[in-house]
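What follows is each chain in one-letter form.
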Amino acid sequence: MNLRRAGTDTIWIAWMAIGYIVVLLPIVVVVFASFSDSNTFRFPPTGYSLKWYQAAFASSEYRNALGVSLLVGLLATAVSLTAGTLAAYALSRSEFRGKSSIETLLLAPLALPHIVWAIGLLQIYAWLGIGGTLLGLVLAHAALTLPFAVRIMLSTFIQLDRTLQEAASTLGASPPRVIWHIVLPLIWPGVLTSALLTFLTSFNEVTVSVLIAGSRYLTYPVRLYSELRSQGIDPTTVAISAMLLALIVVFALIGERFLNWSRRV
Amino acid sequence: MTPAYLSITGMAKAYRGTPALRLVDLSVNEGEFLALLGPSGCGKSTLLRLVAGLLQPDAGSITLAGQSIERLPPHQRDIGLVFQNYALFPHMSVAKNVRFGLSMRNMPRAEADQRVGEALALVKLEHLAARMPSELSGGQQQRVALARAIAIRPRLLLLDEPLSNLDAVLRNSVRTELRELHARTGLTVVMVTHDQAEAMTMADRIAVMSDGLILQHDTPQVIYEQPASDFVAKFVGTPPAAMLRVDRKHDGGFGLGTSPWTPSPELARVLEPIQRVGVALGLRPDHLALTAPDAPHAMPGTIRTIEYLGAERLVHVEVGGQLLVLRLSGDAAVGKGEVGVAITRVPPIFDIETGLRLASTG
């Protein structure tokens, strides 16, 4: 009996280990390779140095691309979060005909192939004359990430007890003060979660960015991708990627520790 | 006569065409404890929310202390409301919860500190001021909600089913505490409840509601002894009143079901002038006594069950197809079988069709 259970446990542990290896091995490869002292991407490295990190900080091209990514990410997050929060609030606090279809529609981009969506968007942007502009790129990313924002904010608002707002108002709080003292403090974990998720999604996006952005607004992953196509892997990008990875892991740990991310999304 | 402290006139409210309140007039005197009593869906919570300003009426007016308030938003009404789920702010400590209403009034710090202390002392929770709501038991949370509502010195205190989320043991002590609190603060209180025992024991007056209307608004004693309709009689009292149909025969005599019956001269005097084919007697244990089956004026019946309650016994007797409940002392010996039931006092008498109590009776 115990023996059999021990056997099942071993199988489960092995299965989980395989899962972790499949997910994490590429990351391990990148991290190790970033410390390589050779001039080409190689794993495992033959010697270790920080020279690619120095090169990364020295490269203005990558700095620019990271800057674009950061700018687009922040703007797209702001747009998507504002729209998503308002939409989620309306959805959570009202009952109307067709509410469930609107909910489904808001989540649709999650299931759509980005490339198909981007081709359509390209045509629309050509009509609007915003192809290749920062505005176009930001709007595209905002639209792509809106489903995440709506989804997370919707569950946040559903968990927010409506009687708290009523209680605050009977105690003398005007509607703006109810939002400031009651609603905002209670929804900020949701806001932060969807902001980070939106930002990271925008930051990782390649397909739509390639099609929408002209040469003026090359985001970091797009830059990386085109580099890869033309000259193979540049160890500088590996170093930058390793740094980004570290940053994202730190964010994820913070998010999990303070905001219970894994239970929210 | 001076107008009532809280006065509600012609209040109506419908949700998507379904009326929740049909036409309600209600007045509450200053310092009074009023219970809005009724089954779920009767409109009592709607009425409470209208008074608090959380709902807008379709028609009607509300005046509080001489001021018309139905157009005021809730935050300008100075009405304290204790929610059924307490609605404590989870991100604030007990003290901050109680202070919230004072902060919204921009009260100076020292004065607010003192008020918070007083309110917490009133509900005996000074020692928990620094706790978060999630660290409190249900009963403690309710007291915080109460202290928070009282701290603003409301012109009116509304309680929405204050005892329904508490366990049975706590319920009895909170019942007493709420009464004491009312006596100490002198606040005017309106409480919503579906529990008639709660309303009877706590309130100065009760408004019994059903289907969006107030059926009767009076003291617990009048509501118990002179219910305005069969609904009130059946809703109030433990056990509730049983309705016994008495038919008028063509020859002027009376009948229970198919068999003729001769009521006592006292009851007959009341029944005789009523020009109805049938009436319903609202019979409580207080109106009934066991007799021999062949005693004069007795109604023949069969004992069905006997509930032993220590000091007393409730005997359920079937008379003319209807179960009546009688109260006997705990040590009285009763068996099962055929008995007679005598009506010892004139009970309230109701119209069979409308359910209303006939004015001449009770």
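Rules and cut-offs
- Residues numbered from 1 in each chain as written.
- Chains lettered and ligands numbered in written order.
- Predicted model: local features only at pLDDT ≥ 70, side-chain atom pairs only at ≥ 80, totals over all residues.
- Heavy atoms only, no water.
- Phe/Tyr/Trp six-rings, centres within 6.5 Å; stacked < 30°, edge-to-face > 60°.
- Helix = DSSP H or I, 4+ residues; strand = E, 2+ residues; numbered from the N terminus.
- Buried < 20%, exposed > 50% of the residue type's maximum accessible area, 1.4 Å probe, protein only.
- Lys NZ or Arg CZ within 6 Å of the ring centre and 35° of its normal.
- Domains from an automatic or database assignment.
- Contact = heavy atoms within 4.5 Å.
- Buried area = accessible area lost by both parts, 1.4 Å probe.
- Salt bridge = Lys/Arg side-chain N within 4 Å of Asp/Glu carboxyl O.
- Polar contact = N/O pair within 3.5 Å; in protein donor to acceptor, adjacent residues only side chain to side chain.
- Nonpolar A, V, L, I, M, F, W, Y, C, P; charged D, E, K, R; others polar.
- Expected span 1.5 Å × (residues − 1).
- Arc of directions from axis to C-beta.

As for the packing of aromatic side chains
Inspection of every chain in the model, using the stated rule, returns six aromatic pairs over all chains. On the numbers, 5.1 Å between centres and 80° between planes, the contact of A:Tyr89 with A:Phe157 is edge-to-face. Pair noted here: A:Tyr89 is in helix H3 (residues 60–93) and A:Phe157 is in helix H6 (residues 134–159), with a separation of 68 residues, a long-range link. For A:Phe157, a relative accessible area of 3% translates into the label buried. Between the NZ or CZ atom of B:Arg148 and the centre of the ring of B:Phe89, over which it lies, the distance is 4.5 Å. Here the guanidinium or amino end of B:Arg284 rests over the ring plane of B:Tyr224, the centre of that ring lying 4.1 Å away.

Thoughts on the domain arrangement of chain B
Residue and element names in this part refer to chain B. What the domain assignment reports for chain B is domain 1 (6–229) and domain 2 (242–359). The C-alpha centroid of domain 2 is placed 40 Å from the C-alpha centroid of domain 1. Facing the six residues of domain 1 at the interface are seven residues of domain 2. A buried area of about 610 Å², summed over both sides, lies between domain 1 and domain 2, and 47% of it is on carbon and sulfur atoms. By the criterion of area lost to domain 2, the three top residues of domain 1 are Tyr 224, Pro 227 and Ser 229, representing 67% of everything that side buries. Taken together, domain 1 and domain 2 are joined by zero salt bridges. Viewed at the interface, domain 2 and domain 1 are joined by four residue pairs in polar contact (both at pLDDT 80 or more). Along the lines of polarity and charge, the residues of the side of domain 1 that touches domain 2 split into three nonpolar, two polar and one charged.

Topic: helix H5 (residues 114–128) of chain A
Residue and element names in this part refer to chain A. When the terminal C-alpha atoms of H5 are compared, their 20 Å separation across 15 residues agrees well with the 21 Å that a helix rising 1.5 Å per residue should span. When H5 is considered as a whole, its buried residues turn out to be Trp 117, Ala 118, Leu 121 and Tyr 125. All buried residues of H5 lie within an arc of 95° about the axis, which places them on one face of the element. Exposed side chains of H5 directed beyond 90 degrees from the buried face belong to Ile 119, Ala 126 and Trp 127.

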